[in-house]
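Letter by letter, the chains look like this.
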Amino acid sequence: MATATTDSTITTDRAVPGDRSTLLGGWRARHRADLASHLAHHGAPPLPRPGDHAWPPRLAAAVEASGLTGRGGASFPSVTKLRLLASAPGRRTVVVNGMEGEPASAKDKTLLRCAPHLVLDGAELAACAVGASRIVVCVADGDHHSADAVVRAVAERAGTALAPVTVEVKRPPGRYVAGEESALVSWLDGGPAAPGWRPDKGHSLTIGRRATLVHNTETLAHLALVARYGPESFRSRGVPDAPGTTLVTVTGAVEHAGVYEVAMGRSLGDIVHGARPTDEVAAVLTGGFGGSWVPAAALATPYAPGPLAAVGGVVGAGVLVVLARRACGIAETARVARYMAGESAGQCGPCVFGLPAVADDLGQLWRGTVDGGVLARLEARLTAVDGRGACRHPDGVARMARSALRVFTADAAAHASGRPCAFARQPSVLPATVGAIKAGTT
Amino acid sequence: MSTVIKVNPVACTAYGYCAELLPELVTLDEWGYPIVERGAVPPHLVELARRAAKDCPRRAFLLRQAATEVGSST
């Protein structure tokens, strides 16, 4: 897995200048916070005294009042997961999902490298809240910088009151779907790093016989802030339906690609323009490679799940890839689809056969070497893959490709009639992944 | 109570017996994998659905009892 080129830039949004109660506010970019500077910055995390049975429900109540939702892609209410696990029988495990399989995303790496203690605070607090006796931090096997930062942070805390629950660092394979929570749990349980089929959603994941809570890195860092500064502080930023700040990786045709902490509800345009587009913006790929394209006409949309959905966008993994006017959205879409086809776990037929077929159709469209039926065939294949895997990998590809046909309608029609646009042969705007994608398209 | 069909996509390897036995509810995509009608199995087809489940070599074709019909089952 290619490491994003964006992780050297860390920028805090104007809405949160130097504010200590945010993830990156007042932080000096590119420095790993050691334990002393972390404690000087935030103070000690409010961990419970042993035997304080009133503490876990109090923390859950604070998380509920904050309105914190998962920052890994699903935007699921964090408190629901906490309570589900707290009521599970037997021994429990908390898994910190720092896999960040989304190629264009660098937010989890940024947090793990710059503020590992904030993430570990969140993991310890969550473990105490659900009664877990084990914490596992998962960092992709190729992501040595993040793993080193976590290992050093764990060593600094070992044996102190800040580590009531012991922490292990594990290195699952850094594939796109390996970070899907059932895939992660499967690998930790000695199985393949592939998603499991869960026909009855809602039952909890288990490692061995231990009920397991999987939370994204950023979610746990927010939890640590909510526990310290209170739900009101969290809700003082963002919008009522989507409170708090969030990390966004802005990349593509921008001068300052990087990770930005922004208040939820800021306009897409504000966020994109903060990273200085290199040219007039044509469209933005929201969410990541399994996300969806949004046209420049929708840049006034607030960055939050509800408003984005209304214009066909998604928050997803917190990625915004900027496409300039002088670029080919069909070409970019074809490259992403080819990459995603190669990242299938190889388990489910519609994904194994369907995604390469979709990528072939998009590749034909890109080059303009089409037969008459390519658009109709592509539509039919997108229907055939959507919702037919054990995980949502094929659904993401279908969503991304459909959004391209919607946003780049005129381009698609021109390409389909054998007249690809002048920009179809340009290099990709996806610098973080161009190597990986090239390998699949040549 | 109603009966619904679930296909385990990990286990399924496109033998296609289900589409042979239950064409009323199962079609195959271009790669041979089953696409199943959503919702409750009509009572007169439940016996055939049981047969399809029993004969699936991969045990990927499953029947579940649903207490109430769910509009957007996946």
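About the cut-offs
Going along each chain's sequence as written, the residues are numbered from 1 onward. Naming scheme: in the order in which they are written, chains are lettered from A and ligands are numbered from 1. Only residues with pLDDT of at least 70 are given local features in this predicted model, and only at 80 or more are side-chain atom pairs given and counted; all residues enter the totals for whole chains, interfaces and linings. Helical segments are the DSSP runs of H or I of at least four residues, strand segments are the runs of E of at least two, and each set is numbered from the N terminus. Note on method: radius of gyration uses C-alpha positions; expected globular size equals 2.2 Å times residues raised to 0.38. Between the buried cut of 20 or more and the exposed cut of 12 or fewer other C-beta atoms within 10 Å of a residue's own C-beta lies the partly exposed class, and all C-beta atoms are placed from the backbone. Whether two residues are in contact depends on their C-beta atoms, placed from the backbone: they are in contact if these lie within 7 Å. Where helices are involved, their axes are fitted lines through C-alpha atoms of the stretch in contact, as for all axes, and angles between N-to-C directions lie from 0 to 180°. By the definition used in this description, the sense in which the near helix is turned from the far one sets the handedness, with an anticlockwise turn below a right angle giving left-handed and a clockwise turn giving right-handed. Lys, Arg, Asp and Glu make up the charged group, whereas Ala, Val, Leu, Ile, Met, Phe, Trp, Tyr, Cys and Pro make up the nonpolar group; the residues left over, Gly among them, are polar. Core membership is restricted to buried Ala, Val, Leu, Ile, Met, Phe, Trp, Tyr and Cys residues, and these are joined into a nonpolar core through C-beta atoms within 7 Å. Delimitation of the domains relies on an automatic or database domain assignment. For every residue, the predictor reports its confidence as pLDDT, a number between 0 and 100. Pairing between strands is defined by DSSP: at least two bridges between them are needed. Should an angle lie under 35 degrees it is considered roughly parallel, over 145 roughly antiparallel, and from 65 to 115 roughly perpendicular; all remaining angles are considered oblique.

**Student:** I would appreciate a short explanation of the overall build of chain B in the present structure.
**Tutor:** On a plain count of helices and strands, chain B comes out with two helices and four strands. Secondary structure elements of chain B occur, N-terminal to C-terminal, as β-α-β-β-α-β. For chain B, whose C-alpha radius of gyration is 11 Å, the value lies close to the compact-globule estimate of 11 Å for 74 residues. Taking all 74 residues of chain B together, the buried fraction comes to 26%. Partitioning the contacts of chain B with sequence separation of at least 6, the portion at a separation of at least 24 is 62%.

**Student:** Where do I start with the overall build of chain A in this structure?
**Tutor:** Of the regular secondary structure elements, chain A holds 17 helices and 13 strands. Since a compact globule built from 442 residues should have a radius of gyration of about 22 Å, the 21 Å found for chain A is in line with a globular shape. Across its three principal axes, chain A shows a C-alpha extent of roughly 70 × 45 × 35 Å. Of all intrachain contacts in chain A linking residues separated by at least 6 positions in sequence, the fraction that spans at least 24 positions is 74%.

**Student:** What should I look at first to understand the packing of helix H4 (residues 107-114) of chain A against helix H6 (residues 144-157) of chain A in this one?
**Tutor:** Helix packing geometry: the angle between the two helix axes and the distance between the axes. Residues and elements named next belong to chain A. With their axes 8 Å apart at the nearest point, H4 and H6 run at an angle of 35 degrees to one another. Both H4 and H6 take part in a crossing whose hand is left-handed. Of H6, the residues touching H4 (which contributes Lys-109, Leu-112 and Arg-113) are His-145, Ser-146, Ala-149 and Val-150.

**Student:** What is the right way to look at the interface of chain B and chain A in this model?
**Tutor:** How big an interface is tends to be expressed through the accessible area that disappears when the partners come together. Listed by partner, the interface residues are 11 residues for chain B and 13 residues for chain A. Class assignment for the residues of the side of chain B that touches chain A results in six nonpolar, two polar and three charged.

**Student:** How should I be thinking about the nonpolar core in this particular structure?
**Tutor:** When a protein is soluble and globular, its nonpolar side chains tend to lie buried together. Counting residues in hydrophobic clusters, the biggest one holds 139 residues, and the most contacted among them are A:Ala126 and A:Val284. Sorting elements by how many residues they give to this core places helix H5 (residues 116-130) of chain A first, with 10 residues. In contact with A:Val284, not counting residues within four places along its chain, are A:Leu268, A:Val272, A:Val294, A:Leu320, A:Val321, A:Val322 and A:Leu323. Of all hydrophobic cores here, the second largest spans 17 residues; its members include B:Cys12, B:Tyr33, B:Val41 and B:Cys56.

**Student:** What's the story with H4(A) in this structure? I'm lost.
**Tutor:** Given 3.6 residues per helical turn, the α-helix brings residues three or four places apart onto the same face. Within H4(A), eight of the eight residues are buried, leaving the element largely enclosed by the surrounding structure. For H4(A), the set of buried residues is A:Lys107, A:Asp108, A:Lys109, A:Thr110, A:Leu111, A:Leu112, A:Arg113 and A:Cys114.

**Student:** In this structure, what is going on with the domain arrangement of chain A? I would like to understand it.
**Tutor:** Residue and element names in this part refer to chain A. For chain A, the domain assignment lists domain 1 (14-238), domain 2 (241-324) and domain 3 (329-425). Inter-centroid distance (C-alpha atoms) of domain 1 to domain 2 is 24 Å. Among the secondary structure elements, those contributing two or more residues to the side of domain 1 that touches domain 2 are H4, helix H8 (217-229) and helix H9 (231-235). Class assignment for the residues of the side of domain 1 that touches domain 2 results in nine nonpolar, nine polar and six charged.

**Student:** What is the right way to read unusual backbone geometry from this model?
**Tutor:** Its identity is not glycine, yet A:Glu100 carries a phi of approximately 45 degrees, on the positive side. Examined against the element boundaries, A:Glu100 turns out to sit in the loop between strand E2 (92-98) and H4. By the C-beta count within 10 Å, which is 30 here, A:Glu100 ends up buried. Backbone geometry places B:Arg59, a non-glycine residue, at a positive phi of 50 degrees.

**Student:** Explain the confidence of the model for chain A to me, please; I cannot follow it from the model alone.
**Tutor:** Any region with low pLDDT has predicted coordinates that should not be read closely. Residues and elements named next belong to chain A. For chain A, the average pLDDT comes to 89, and 91% of its residues sit at 70 or higher. Confidence drops under pLDDT 50 across residues 1-10; counting only partners more than four residues distant or on other chains, this segment forms 39 contacts. For the stretch residues 433-442, pLDDT sits under 50, and the model shows 21 contacts to residues farther than four places along the chain or on other chains.

**Student:** Honestly, the sheet that holds strand E4 (residues 167-170) of chain A in this entry has me stumped. Any pointers?
**Tutor:** Strand pairs in the sheet, formed through backbone hydrogen bonds, run parallel or antiparallel to each other. Residues and elements named next belong to chain A. Pairing within the open sheet is mixed, and its five strands lie in the order E4-E3-E2-E6-E5. The sheet terminates laterally at E4 and strand E5 (205-207), the two strands that pair on one side only. Taken pair by pair, the neighbouring strands of this sheet meet at an average axis angle of 35 degrees, ignoring direction. Sheet analysis places E2 next to strand E6 (residues 210-216), joined by six bridges and oriented parallel. Within the sheet, the bridge partner assigned to Val-96 lies in E6 and is His-215.

**Student:** Help me understand the confidence of the model for chain B in this model?
**Tutor:** Residue and element names in this part refer to chain B. Per-residue confidence for chain B gives a mean pLDDT of 90; residues scoring 70 or more make up 91%. Across residues 69-74 the pLDDT falls below 50, and counting only partners more than four positions away or on other chains, this stretch makes six contacts in the model. Scored by ipTM, the complex comes to 0.88, with pTM at 0.90.

**Student:** In this structure, what is going on with the packing of helix H13 (residues 349-367) of chain A against helix H14 (residues 374-385) of chain A? I would like to understand it.
**Tutor:** Residue and element names in this part refer to chain A. Viewed as axis vectors pointing N to C, H13 and H14 meet at an angle of 155 degrees, and their least axial separation amounts to 9 Å. Between H13 and H14, the interaxial angle falls into the category roughly antiparallel. For the pair H13 and H14, the crossing hand works out as left-handed. Two secondary-structure elements touch here, H13 through Pro-350, Cys-351, Gly-354, Leu-355, Ala-357, Val-358, Asp-361, Leu-362, Gln-364 and Leu-365 and H14 through Val-374, Arg-377, Leu-378, Arg-381, Leu-382, Ala-384 and Val-385. Of the residues belonging to the contact of H13 with H14, the class tally is 12 nonpolar, two polar and three charged.

**Student:** Explain the environment of B:Leu45 here, please?
**Tutor:** All names here are of chain B. Relative to the assigned elements, Leu-45 resides in the loop between strand E3 (34-36) and helix H2 (46-55). On the basis of neighbour counts, which here come to 17 C-beta atoms within 10 Å, the residue Leu-45 falls in the partly exposed class. Separated by 21 residues in sequence, Leu-45 and Glu-24 have C-alpha atoms that sit 8.4 Å apart. For Leu-45, the residues in contact, after removing those within four places along its chain, are Leu-22, Glu-24 and Leu-25.

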